[in-house]
Amino acid sequence: MGIATVNELKVFLRDKVQGVSDDTLQIYLDDAEGSVFSGGVSVSHKRFAELQRYYAAHLLDSAGILLNQVTSESADGISRSFDTAFVQGSMETYLDLYKRKLYEVNGFKGRIF
């Protein structure tokens, strides 16, 4: 409930933010706070901090700050490696997760039928 903290973000992202300063994480949390609020969720909403963490993770990932898992594949002597932007153990990106949870929170608010 309320605004997410740097420690909560570290627990959520675990080793993906290893070596990232608390000041940097706070900047992204502050940016995410504004985006979640603009998305129609009150700071007092019980899911606000959760949404803020998801959006901050998206921003950190978009900026190339998160340490993502590297995936490799090869065939006939040709190989390539790339990092994945998916939430560990999921096939969703942080932005996908944020959007899905935001929809759950907002539901049909503001929709015209």
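These figures come from a predicted structure and were not determined experimentally.

All right, on to the packing of helix 2 (residues 22-38) against helix 3 (residues 48-62) then. Where helix 2 meets helix 3, the closest approach of the two axes is 8 Å, and the angle between their N-to-C directions is 120°. Our classification of the angle between helix 2 and helix 3 gives oblique. In this structure, the crossing between helix 2 and helix 3 has a hand that is right-handed. On helix 3, the residues touching L25, Y28, L29, D31, A32, E33, S35, V36 and F37 of helix 2 are F48, L51, Q52, Y55, A56, L59 and L60. The residue makeup of the contact of helix 2 with helix 3, split by class, is 12 nonpolar, two polar and two charged.

All right, on to the environment of A57 then. Assignment of secondary structure puts A57 in helix 3. Setting aside its immediate chain neighbours within four residues, A57 contacts F12, L13, L66 and Y94.

Proximity of charged atoms lets side chains of opposite charge pair with each other. According to the stated counting rule, one finds seven salt bridges in the structure shown. The residue R47 makes a salt bridge to E104 at a minimum N-O spacing of 3.7 Å. Taken together, the residues R47 in the loop between helix 2 and helix 3 and E104 in helix 4 (residues 94-106) connect sequence positions 57 residues apart. Given the relative accessible area of 22%, R47 is considered partly exposed. For E104, a relative accessible area of 42% corresponds to the partly exposed category. Here the salt bridges share partners, and the residues they tie into one network are R47, E50, E92, R100, K101 and E104.

Criteria and thresholds
- Residues numbered from 1 in each chain as written.
- Predicted model: local features only at pLDDT ≥ 70, side-chain atom pairs only at ≥ 80, totals over all residues.
- Heavy atoms only, no water.
- Axes fitted to C-alpha atoms, helices over the stretch in contact; angles between N-to-C directions.
- Helix = DSSP H or I, 4+ residues; strand = E, 2+ residues; numbered from the N terminus.
- Parallel < 35°, antiparallel > 145°, perpendicular 65-115°, else oblique.
- Left-handed = near helix turned anticlockwise from the far one by under 90°.
- Contact = heavy atoms within 4.5 Å.
- Nonpolar A, V, L, I, M, F, W, Y, C, P; charged D, E, K, R; others polar.
- Salt bridge = Lys/Arg side-chain N within 4 Å of Asp/Glu carboxyl O.
- Buried < 20%, exposed > 50% of the residue type's maximum accessible area, 1.4 Å probe, protein only.

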